[in-house]
Amino acid sequence: MRALAAQWHRVVDRPVADIRARRIAAVPLTFVSLLLLTFFHAAALHHAGARLVWLAGGIRADVPPALAAARLPLSMFVPAPDLPFLGALVQVGVVFALAERTLGAAHTAAVALLTTLAASLAVRVMSRLGPGHPLGLPADETLALDTGPSAAVVGLLICIAWKCRAPVLLTGTVAAMVLEVAIVPNIASRGHLVGITAALGYAAATRTRLAAA
């Protein structure tokens, strides 16, 4: 229990103190992210707004790669099919804020984009493999929306755990995502595993800079 408490304090204490002292100024990236989530959620509730949301950040396996790449940054904030709006707000508000204070805004943005990109590319590959392949997607999943912040959130948790030397957080995140794939093997759950892999690669490749952040 003492080791677990020590890991908790390494992950939480400094970011919370920074946010209490500086409030929004401590986490501008997180604040903008929450505004984008709220805007896209509100817009998607109306027909014209839903069209705008799709054009700005809608991604599916059948969207041309160049167009999907252009929509990628905003796709993190477009409503996800299986993630309620309040769930997305909590995920981004907590994890992005911890990451921004622990890793810095630049690393936070890089990890979020990398993991989202990796998950999106993996979905395209799995879609092409087809339902008959062990790694392929079921036919009804190939045209599902591939949006939302979940892959970025999972990847950021991995990097936070890496930076803060919190193996319980790291192994717990990995175990939870593996269990998710076993129970619900859909686009989202598989994307989370890909996001973990991409985040581990990023952490290993930038370990010196992450340690200094």
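Since this is a predicted model, take the numbers as computed values, not measurements.

### Concerning a nonpolar patch on the surface
- A contiguous nonpolar surface patch, about 350 Å² in accessible area, is contributed by I24, F31, V32 and L35.
- Inspection of the secondary structure puts I24 in the loop between helix 1 (2–22) and helix 2 (28–44).

### So, helix 3 (residues 47–57)
- Taken together, the buried positions of helix 3 are G49, V53 and G57. For helix 3, the angular spread of buried residues about the axis comes to 45 degrees, placing them on one side. Along helix 3, exposed side chains directed more than 90 degrees from the buried face belong to H47 and A48.
- Buried positions along helix 3 lie against helix 2 and helix 4 (65–75).

### Describing unusual backbone geometry
- Phi is positive for R23, close to 55 degrees, though the residue is something other than glycine.
- Residue position: R23 is located in the loop between helix 1 and helix 2.
- Looking at R23, the relative accessible area reads 61%, which means it is exposed.
- At R165, a position not held by glycine, the phi torsion is positive, near 55 degrees.
- Its location among the elements puts R165 in the loop between helix 7 (150–163) and helix 8 (167–183).

### Topic: the packing of helix 7 against helix 8
- Contact geometry of helix 7 with helix 8 gives a least axis separation of 8 Å together with a crossing angle of 155 degrees. As the angle between them shows, helix 7 and helix 8 are arranged roughly antiparallel. Classified by chirality, the crossing of helix 8 by helix 7 is left-handed. Mapping the contact onto sequence places V154, L157, I158, I160, A161 and W162 in helix 7 and L169, L170, T173, V174 and M177 in helix 8.
- When grouped by side-chain class, the residues that make up the contact of helix 7 with helix 8 number ten nonpolar, one polar and no charged.

### Quick look at helix 5 (residues 85–102)
- For helix 5, built from 18 residues, the straight-helix expectation of 26 Å at 1.5 Å per residue is met to within 8% by its first-to-last C-alpha distance of 25 Å.
- Residues of helix 5 that are buried: A88, V92, V95, F96, A97, L98, A99, E100, R101 and T102.
- Packing partners of the buried residues in helix 5 comprise helix 1, helix 2, helix 6 (105–129) and helix 7.
- Phi turns positive, to about 95 degrees, at G104, one or two residues after helix 5.

### A look at the confidence of the model for the protein chain
- For the protein chain, mean pLDDT is 89; residues scoring 70 or higher make up 97% of the total.
- Of all secondary-structure elements in the protein chain, the lowest mean pLDDT belongs to helix 10 (residues 207–212), at 76, while helix 2 reaches the highest, 96.

### Thoughts on the nonpolar core
- V11, F96, L103, L156, C159 and I160 are the most contacted members of the largest nonpolar core, which totals 36 residues.
- Every element with two or more residues in this core is listed here: helix 1, helix 2, helix 5, helix 6, helix 7 and helix 9 (187–205).
- Formed by six residues, the second largest nonpolar core is a distinct cluster that contains A122, M126, L137 and I187.

### Topic: the pattern of salt bridges
- For the coordinates displayed, the defined rule picks out two salt bridges.
- With its nearest N and O atoms 3.3 Å apart, the salt bridge here joins D18 to R101. Pair noted here: D18 is in helix 1 and R101 is in helix 5, with a separation of 83 residues, a long-range link.
- The salt bridge partner of R60 is D62, with a shortest N-O separation of 3.0 Å.
- On the basis of relative accessibility, which here comes to 27%, the residue R60 falls in the partly exposed class.

### Examining the side chain of S75
- Within the secondary structure, S75 is located in helix 4.
- Of note is the side chain of S75, whose polar atom sits 2.7 Å from the backbone oxygen of L72.
- Discounting residues that sit within four places of it in the chain, S75 has contacts with G57, I59, T116, T147 and G148.

About the cut-offs
Residues numbered from 1 in each chain as written. Predicted model: local features only at pLDDT ≥ 70, side-chain atom pairs only at ≥ 80, totals over all residues. Heavy atoms only, no water. Patch = residues over 30% accessible without salt bridge, like charges linked within 9 Å, V, L, I, M, F, W, Y side chains within 5 Å. Areas by Shrake-Rupley, 256 points an atom, 1.4 Å probe, with all protein chains shown as cover. Salt bridge = Lys/Arg side-chain N within 4 Å of Asp/Glu carboxyl O. Helix = DSSP H or I, 4+ residues; strand = E, 2+ residues; numbered from the N terminus. Buried < 20%, exposed > 50% of the residue type's maximum accessible area, 1.4 Å probe, protein only. Arc of directions from axis to C-beta. Contact = heavy atoms within 4.5 Å. Axes fitted to C-alpha atoms, helices over the stretch in contact; angles between N-to-C directions. Parallel < 35°, antiparallel > 145°, perpendicular 65-115°, else oblique. Left-handed = near helix turned anticlockwise from the far one by under 90°. Nonpolar A, V, L, I, M, F, W, Y, C, P; charged D, E, K, R; others polar. Expected span 1.5 Å × (residues − 1). pLDDT = per-residue confidence, 0-100. Core = buried A, V, L, I, M, F, W, Y, C linked by side-chain atoms within 4.5 Å. Polar contact = N/O pair within 3.5 Å; in protein donor to acceptor, adjacent residues only side chain to side chain.

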